[in-house]
Amino acid sequence: MSERRTKKRGRADKAYLNEAFLRSSSARPLRILSEYLEPKKRFDESRIDDTIVFMGSARLRSREDAEAAVRAAEAGDGDIGVARRQLAMSRYYEDARELAHRVTVWSKALADEERRFVVCTGGGPGVMEAANRGASEAKGLNVGLTISIPIEEFDNTYVTRDLSFHFHYFFMRKFWFAYLAKALLVFPGGFGTLDELFEILTLRQTGKMSKNLVIVLFGTQYWEEVVNFEALVRHGTIDRKDLDLFHRTDSVEEAFQIITTHLEEHALAERGAFL
C-alpha cells in the first residue's frame, strides 16, 4: 500500500480552539460576547452587584511622589513648573484615596450579607490608583477595569486580584462601569474622563438609564473652567434641569454625605446590576 494511502490525515482544530479564527474579524462577535460573559462570571462569583465608580486622570500623583518630584526639580532634575503643578493637583489623588477609604468602611458596616457598593475604577494610575488604594487600605474588595491602549500605564497593585479585568473594547468596558454603578465620582481628568462622564450624563438625560445614579463632580474650580455648563444652558443646548443630574463639591465630607445619603435612600432598595 502506498505511503500516501497509509498516512493518517491530521485532525482539524475545533473552531473554538482555532486561534487564527478567534482573532479574525469573523469572530469579533465572540470576542465582544466574551468581554460580557467572562467578567459577569467573576462578578457573580464574588457576589458584586453594586459599585461606586471613581473616574479621573491617570496623570495625577500622590502627594509623596509629587513632593519628591519638586525636590528633584529644585535640585536641577526636572521641570520645576511641572513639578509644582503636579504637587497642587496631588490633592485630588489624596482626596480620592480618603473618599474611597471612607465609603468602603461605610459599605462594610452595612447589615447585608452581600458585598454592597464596592469601589470600582479604570484600574490604572492616578485617581484610579488612589481610589483602589483607599479601598484596599480599608481592607475592602475593589475592582479595576483596565483597557488595552498603546501607553503602558495600567494595572495598579491595589486592585483585588480576582477583580482585575482587561478589556479590548472600550464600549464593553463602559458597559461594566455603567451596569454595576450606583454612584459615580468624577475627579479632574482629560479626554477619557470627559468621554466617560458625558456618556453617563447622556444616558441619564435621555432616560436610557432608569436607575437613580448619583453623580458627583469633585473639584469645583476645575469643572467650572473645563466645562461651561452655564453656557450650554444659555445657548439652549441643554435645559436648566439637566444641571440637576450632578452635584459639584470640593469637600471629601460633603461628597461622602451626598453619596451615602443617596445610596441609603435609593440604592439599598434597588439592588442588583441594571441600567
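Residues numbered from 1 in each chain as written. Predicted model: local features only at pLDDT ≥ 70, side-chain atom pairs only at ≥ 80, totals over all residues. Heavy atoms only, no water.

K.L.:
What is the right way to read helix α6 (residues 127-137) from this model?
P.N.:
Quick reminder: α-helices carry 3.6 residues per turn. Residues three or four places apart thus point the same way. Buried residues dominate α6, accounting for 8 of its 11 residues. Where α6 is concerned, the buried positions are V127, M128, A130, A131, N132, R133, G134 and A135. Summarising the contacts, the buried residues of α6 are in contact with β1 (51-55), α5 (80-108), β2 (118-121) and β3 (142-147). Just beyond α6, the residue with positive phi is K139, at close to 60°. (Buried < 20%, exposed > 50% of the residue type's maximum accessible area, 1.4 Å probe, protein only. Helix = DSSP H or I, 4+ residues; strand = E, 2+ residues; numbered from the N terminus. Contact = heavy atoms within 4.5 Å.)

K.L.:
So what exactly am I meant to see when it comes to the environment of R11 here?
P.N.:
Structurally, R11 can be placed in the loop between α1 (3-6) and α2 (19-22). Measuring from C-alpha to C-alpha, the distance between R11 and D49 comes to 44 Å, with 38 residues separating the pair along the chain.

K.L.:
Sorry if this is basic, but what is going on with the packing of aromatic side chains here?
P.N.:
What describes a pair of aromatic rings is the distance from one ring centre to the other and the angle between the planes of the rings. One pass over the structure, following the stated rule, counts 16 aromatic pairs. Measuring from centroid to centroid gives 5.6 Å for Y169 and F171, while their planes differ by 45°, and the two rings are tilted. What links up through ring pairs into an aromatic cluster is the set Y36, F43, F165, F167, F175, W176 and Y179. When the ring centre of F256 is taken as origin, the NZ or CZ atom of R102, which lies over that ring, is 4.2 Å away. (Phe/Tyr/Trp six-rings, centres within 6.5 Å; stacked < 30°, edge-to-face > 60°. Lys NZ or Arg CZ within 6 Å of the ring centre and 35° of its normal.)

K.L.:
How should the packing of helix α4 (residues 63-74) against α5 be read in this particular structure?
P.N.:
Between two packed helices, both the angle of their axes relative to each other and the distance between the axes serve to describe the pair. Relative orientation of the contacting elements α4 and α5 amounts to 170°, with a least axis distance of 8 Å. Between α4 and α5, the crossing angle belongs to the class labelled roughly antiparallel. For the pair α4 and α5, contact is made by R63, A66, E67, A69, V70, A73 and E74 and by I80, A83, R84, Q86, L87, S90, R91 and E94, respectively. Broken down by class, the residue content of the contact of α4 with α5 amounts to 7 nonpolar, 2 polar and 6 charged. (Axes fitted to C-alpha atoms, helices over the stretch in contact; angles between N-to-C directions. Parallel < 35°, antiparallel > 145°, perpendicular 65-115°, else oblique. Nonpolar A, V, L, I, M, F, W, Y, C, P; charged D, E, K, R; others polar.)

K.L.:
For this particular structure, what's the right way to read the pattern of salt bridges?
P.N.:
Summed over all chains, the structure comprises 17 salt bridges. Between E19 and R23 there is a salt bridge; the shortest N-O distance is 3.0 Å. Using a relative accessible area of 62% as the deciding quantity, one classes R23 as exposed. The shortest N-O distance in the salt bridge between E45 and K41 comes to 2.5 Å. In this pair, E45 and K41 both sit in helix α3 (residues 28-45), 4 residues apart, roughly one turn of the helix. Several salt bridges share partner residues, and in doing so they unite E94, R97, R133 and E137 into one network. (Salt bridge = Lys/Arg side-chain N within 4 Å of Asp/Glu carboxyl O.)

K.L.:
Sorry, what's going on with the environment of F170 here?
P.N.:
Within the element layout of this structure, F170 appears in helix α7 (residues 170-180). Overall, the relative accessible area of 43% leaves F170 in the partly exposed class. The sequence separation of F170 and S148 amounts to 22 residues, and the corresponding C-alpha distance is 8.9 Å. Not counting residues up to four positions away in its chain, the partners in contact with F170 are I147 and I149.

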